[in-house]
Amino acid sequence: MKIAIVGTGIVGVAIAHALLDEGHEVLLLDREGPAFGPSRGNAGWIAHSDILPIASPKMLRQVPKFLADPLGPLSIRPAYLPKLLPWLARFVLASRPGPYERSISGLAALQRLALPAWLARAEQTGLGHLVHRRGGLYAFTDPQAMAAAKEIAKRQAAFGIDVQMIDSPALRKLEPALSPRFAGAAYHPGTAHISDPLELTMALFEAALERGASFERIGIDRISAETRPALEASHGWRQIVDRVVVAAGAWSRPLAAALGDPIPLDTERGYNVSFTGVSGLLSRPVAFEGHGFVATPLDSGLRIGGAVEFGGLDAPPNHARTRKLYDKAATLVEGLPAFESGRTWMGFRPSIPDSLPVIGRARRNPHVLYAFGHGHYGMTQSHATADIVAALVAGRHPAIDITPFSPRRF
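Residues numbered from 1 in each chain as written. Predicted model: local features only at pLDDT ≥ 70, side-chain atom pairs only at ≥ 80, totals over all residues. Heavy atoms only, no water.

*Asks:* Describe in detail helix α10 (residues 320-330), supporting the description with residues and values.
*Replies:* When α10 is considered as a whole, its buried residues turn out to be Arg321, Thr322, Leu325, Tyr326 and Ala329. Looking straight down α10, one finds its buried side chains confined to an arc of 140°; they lie on one side. Lining the buried residues of α10 we find β4 (74-76), β15 (266-276), β17 (293-298), β18 (301-310) and β19 (343-351). (Buried < 20%, exposed > 50% of the residue type's maximum accessible area, 1.4 Å probe, protein only. Helix = DSSP H or I, 4+ residues; strand = E, 2+ residues; numbered from the N terminus. Arc of directions from axis to C-beta. Contact = heavy atoms within 4.5 Å.)

Right, dumping it as structure tokens:
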């Protein structure tokens, strides 16, 4: 079959490989080109140990505190608030205990597939040296928060996730550059991170082309509901294929809406600063719990980023937020370079209120499949999602129940 994939971020590129495995003719389409958006500048974690959705009773209690600080871990641009209200309403509903537990079950099932799928694809494409298995740390400056994390660790252990609660001296032994302020950390020895998001996504993209996929730089405006779907773009461009996969991240919503699926997709604007060539400060990724940012020792340098800002796709970046992240990091990591020596970046995470991606068939055309809305876990879940999409195209049952990811769950 000839299959078009709309989107060449890490999810779209991963899907290309899974479909090439099955012998399909693959056409990759993207308005900007490969590795645009979050696939270019994310933190680089394969964070398969994360099983708790952002929408939670705890988050609801913290939202007022976060919103009081316009440069804090969570902010909403005032002009964007009216447009965001429907999304926020669904976020509140998803934070109730019942939906929250269902989201955990769905997220944990997908995360269980994530690392094995990544390792298998990296080995097949000869890119295994770009995946580093040095573990990851979730570090706490608040002893009470760390105590509460022990209950989360029990839940993770129940899903087969290896987690070790370590005290401050053990943490400093692993990462001497961390401040003595830390009470300890949750250490996940099985967590992996990648060399660099841009480097690895581009390497996988080039590998897909070498395997026979083709690419065209064009923005798709419409997908028809005909049995053999037609993709349409400006200036009369039209292409009829056997199947279409919509993996356009934050730009997927209008394509799905036109096919009868009003998905509550919005964008979390994430910020970071990268210090090219800086190495040796950290040996593994560290999440600074309660502070809203992470640090990753990429092969290309040290990256510090995080935070969530809702402001849509059009507003310019506010790098005062990035500076605020850096200033906080400088109090917790010894030896950081000057902020001015770093390279700042802002990208759009495709965010669904219940923290689960949308994976499934379009309402008006079952030959169109969705694979978007992965939020903070696009890099993590990319190859697991790709295997699910390949199974759906082939008419097989996926490895897990994909009901939690249905486009019709809203």
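*Asks:* Tell me about the sheet that holds strand β3 (residues 45-46), and name the residues and values.
*Replies:* A sheet is described by the order of its strands in space; here three strands give the open sequence β3-β9-β5, paired in antiparallel fashion. Among the strands making up the open sheet, the edge pair consists of β3 and β5 (131-132). The sheet contact formed by β3 and strand β9 (residues 192-194) spans two bridges and is antiparallel. When the bridges of β9 are listed, Trp45 appears paired with His193. (Pairing = 2+ DSSP bridges.)

*Asks:* Tell me about the packing of helix α1 (residues 10-21) against helix α11 (residues 378-394), and please be specific about residues and values.
*Replies:* Packed helix pairs are specified by the crossing angle of their axes together with the interaxial distance, meaning the distance between the axes. Where α1 meets α11, the closest approach of the two axes is 8 Å, and the angle between their N-to-C directions is 40°. It follows from the interaxial angle that α1 and α11 lie oblique. Seen along the crossing, α1 lies across α11 with a hand that is right-handed. Residues Ile10, Val11, Ala14, Ile15, Ala18 and Leu19 of α1 form the contact with α11, whose own contacting residues are Gly378, Met379, Ser382, His383, Thr385, Ala386, Asp387, Val389, Ala390 and Val393. Its residues placed into classes, the contact of α1 with α11 shows eleven nonpolar, four polar and one charged. (Axes fitted to C-alpha atoms, helices over the stretch in contact; angles between N-to-C directions. Parallel < 35°, antiparallel > 145°, perpendicular 65-115°, else oblique. Left-handed = near helix turned anticlockwise from the far one by under 90°. Nonpolar A, V, L, I, M, F, W, Y, C, P; charged D, E, K, R; others polar.)

*Asks:* Give a detailed account of the pattern of salt bridges, specifying residues and quantitative values.
*Replies:* A full pass over the atoms with the stated rule returns 20 salt bridges. Between Glu101 and Arg155 there is a salt bridge, and its shortest N-O distance comes to 2.7 Å. With Glu101 in helix α5 (residues 97-124) and Arg155 in helix α6 (residues 143-158), this pair connects stretches of sequence that are 54 residues apart. Taking the relative accessible area as the measure of exposure, Arg155 reaches 32% and is therefore partly exposed. Salt-bridge contacts for Glu268 lead to Arg349; the nearest nitrogen and oxygen are separated by 3.5 Å. Remark: Arg349 occurs in strand β19 and Glu268 occurs in strand β15; sequence separation between them is 81 residues. (Salt bridge = Lys/Arg side-chain N within 4 Å of Asp/Glu carboxyl O.)

*Asks:* Can you tell me about the layout of surface pockets, naming the residues and giving the values?
*Replies:* There is about 340 Å³ of room inside the second largest pocket. The wall of the second largest pocket is formed by 14 residues, among which Ala94, Pro99, Ser103, Asp354 and Arg409 lie closest to the centre. Looking at the lining of the second largest pocket residue by residue, the class counts come to seven nonpolar, two polar and five charged. (1 Å grid on protein atoms, 1.4 Å probe; cavity = no way out; pocket = protein on both sides within 12 Å on 5 of 7 lines; lining within 4 Å. Points joined across faces, edges and corners; volume = space filled by probe spheres on them.)

*Asks:* Can you break down empty space enclosed by the protein residue by residue, with the values?
*Replies:* Scanning all chains against the criterion turns up one cavity of 30 Å³ or more. Of the volumes computed, that of the largest cavity is approximately 40 Å³. Around the largest cavity sit Val278, Ser279, Gly280, Leu281, Leu282, Pro297, Leu298, Gly301 and Leu302, which together line it. Elements with a contribution of two residues or more to the lining of the largest cavity: β17 and β18. By residue class, the composition of the lining of the largest cavity is six nonpolar, three polar and no charged.

*Asks:* Lay out the sheet that holds strand β14 (residues 243-246) with the relevant residues and their values.
*Replies:* If you trace the six strands from one edge of the open sheet to the other, you get β10-β2-β1-β14-β21-β20, paired in mixed fashion. Of all the strands in the sheet, just β10 (214-217) and β20 (358-361) have a single pairing partner and so form its edges. Pairs of neighbouring strands in the sheet enclose a mean axial angle of 15°, with direction left out of account. Bridge count for strand β2 (residues 25-30) against β10 is four bridges, and the pairing is parallel. Each residue of the ladder has a partner; that of Leu28, found in β10, is Phe215. Packed on one face of the sheet, α11 meets β1 (2-6), β14, β20 and β21 (368-372) and runs near 170° to β21.

*Asks:* Would you mind going over the packing of aromatic side chains in detail, with residue names and values included?
*Replies:* A full pass over the atoms with the stated rule returns eleven aromatic pairs. Aromatic pair Trp87 and Phe91: ring centres 5.4 Å apart, planes at 15°, arrangement stacked. Within this pair, Trp87 and its partner Phe91 are both found in helix α4 (residues 81-94), separated by four residues, close to a single helical turn. Neither residue differs from the other here; Trp87 and Phe91 are each classed as buried. Ring geometry for Phe182 versus Phe288: centroids 5.8 Å apart, planes at 50°, classification tilted. Here Phe288 lies in strand β16 (residues 286-289) and Phe182 lies in the loop between α7 (168-174) and β8 (184-188), a separation of 106 residues in the sequence. Like Phe182, the residue Phe288 is buried in the burial classification. (Phe/Tyr/Trp six-rings, centres within 6.5 Å; stacked < 30°, edge-to-face > 60°.)

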